[in-house]
Amino acid sequence: MNTSQTVTVPGTREGVQSGARALDAFVDAHGLPPSARWRFQVALDEVLSNVVRHGGATMIDLLFALDNDVLSLEVTDRGAAFDPLQAAAPDTSAGLDDRRPGGLGIVLVRTLMDAVRYERRGAHNHLTMIWRLRPDDEPAPAAEKGTTNDD
Amino acid sequence: MTIEEVRQRGAVVVAPVGRIDSTTSDRLEQHLVALAGAGERRVVVDFGGVEYISSAGLRVLLALAKRTRDGKGALALCRLGDSVRQVFDLAGFLPLFAVDATRDAAIARVAAV
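This write-up is about the structure you can find in this document.

What about the overall build of chain B?
When its secondary structure is counted, chain B shows 4 helices and 6 strands. If you list the helices and strands of chain B from N to C, you get β-β-α-β-β-α-β-α-β-α. The C-alpha atoms of chain B give a radius of gyration of 13 Å, which matches the 13 Å a tight globule of 113 residues would have. For chain B, the spread of C-alpha atoms along the principal axes amounts to about 30 × 25 × 25 Å. Counting the 113 residues in chain B, one finds 46% classified as buried.

Re the sheet that holds strand β1 (residues 2–10) of chain A
Residue and element names in this part refer to chain A. Spatially, the 5 strands line up as an open sheet ordered β1-β2-β3-β5-β4, and their pairing is antiparallel. Either end of the sheet is taken by a strand with one partner, and the two such strands are β1 and β4 (115–121). When the angles between neighbouring strand axes are averaged without regard to direction, this sheet yields 15°. Across 8 bridges, strand β2 (residues 59–67) lies against strand β3 (residues 70–77) in antiparallel orientation. When the bridges of β3 are listed, Leu-62 appears paired with Val-75.

Things to note about the pairing of strand β1 (residues 2–8) of chain B
Residues and elements named next belong to chain B. In the sheet, β1 pairs with strand β2 (residues 11–20) via 7 bridges, with the strands oriented antiparallel. Following the sheet pairing, Thr-2 is matched in β2 by Val-17. Taken together, β1 and the strand that follows it, β2, pair antiparallel across an intervening segment of 2 residues, in which Arg-9 is found at a positive phi of about 50°.

Here we look at the nonpolar core
Nonpolar side chains tend to gather and get buried jointly when the protein is soluble and globular. Counting 66 residues, the largest nonpolar core has Ala-43 of chain A together with Val-44, Leu-77 and Val-110 of chain B as its most contacted members. Sort the elements by how many residues they give to this core and helix α2 (residues 34–55) of chain A lands first, with 10 residues.

Concerning the environment of His-124 of chain A
All names here are of chain A. Here His-124 shows up in strand β5 (residues 124–132). A residue is classified by how many C-beta atoms lie within 10 Å of it, and His-124, with 14 of them, is partly exposed. Once the C-alpha coordinates of His-124 and Ala-81 are considered, the two residues, 43 residues apart in sequence, prove to be 7.4 Å apart. In this structure His-124 touches Thr-76, Asp-77 and Arg-78, once residues within four positions along its chain are discounted.

A closer look at the interface of chain A and chain B
In this complex, chain A contributes 29 residues to the contact, which on the side of chain B involves 31 residues. Across the side of chain A that touches chain B, the residue classes tally to 12 nonpolar, 10 polar and 7 charged.

Scoring rules and cut-offs
- Residues numbered from 1 in each chain as written.
- Chains lettered and ligands numbered in written order.
- Predicted model: local features only at pLDDT ≥ 70, side-chain atom pairs only at ≥ 80, totals over all residues.
- Helix = DSSP H or I, 4+ residues; strand = E, 2+ residues; numbered from the N terminus.
- Rg over C-alpha atoms; globule rule 2.2 N^0.38 Å.
- Buried ≥ 20, exposed ≤ 12 C-beta atoms within 10 Å, placed from the backbone.
- Pairing = 2+ DSSP bridges.
- Axes fitted to C-alpha atoms, helices over the stretch in contact; angles between N-to-C directions.
- Core = buried A, V, L, I, M, F, W, Y, C linked by C-beta atoms within 7 Å.
- Contact = placed C-beta atoms within 7 Å.
- Nonpolar A, V, L, I, M, F, W, Y, C, P; charged D, E, K, R; others polar.

What is shown is where atoms sit, not what they do.
Printed below as a string of structure tokens:
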């Protein structure tokens, strides 16, 4: 299957909600697995809120594309040049005292996707997120076991 | 997202239902801050009804963990679904929280503190 769809949303908090609805509609229309929905929703929430916070973009284009088993989402805006992938990564192994909330979102965008690319072309920021669909997510990593009581 | 709340064995159980994202996380934050203001010191957050959590929600939980520690309270999370657990894991959040499989276990944990 090879299909794509473009949706334009305003660069506002309402636009972030519209983007989430557009993603739901695309996932529903093509019967994509739940893991694709939540991964892209979490990533898109971060990317759109970043654009709204930093960008000064009045409109944001979302290009959803499904190419066989690869789902991609390209977010394009005319805001100031901003590459979120260059942001410093927070220390995700720090204890509670040293934890800062900033930067976690971009860590999630990077790690929830197979690939993320940023490009400045002309007056536009293009951020493309790519994920190959799996029937089910792999089991959660073993690292969590120490903190869980399975009773 | 809606927020369900029940009291059991001296603990308050907060159960958000739906999506915790940049649109809804402020409401969860206000709810949790109000509980702290009301002197609730034993808190369980039940994720059984949560579809997913984004970084905006992680921010709320980090603030809750710090408030709980500073106020000498007790906090446990329970019933993390696959998506929530993976996001916690990727963000390095699992070591920061007491996580239980069931609501009963989480209540027992905070009641014992």
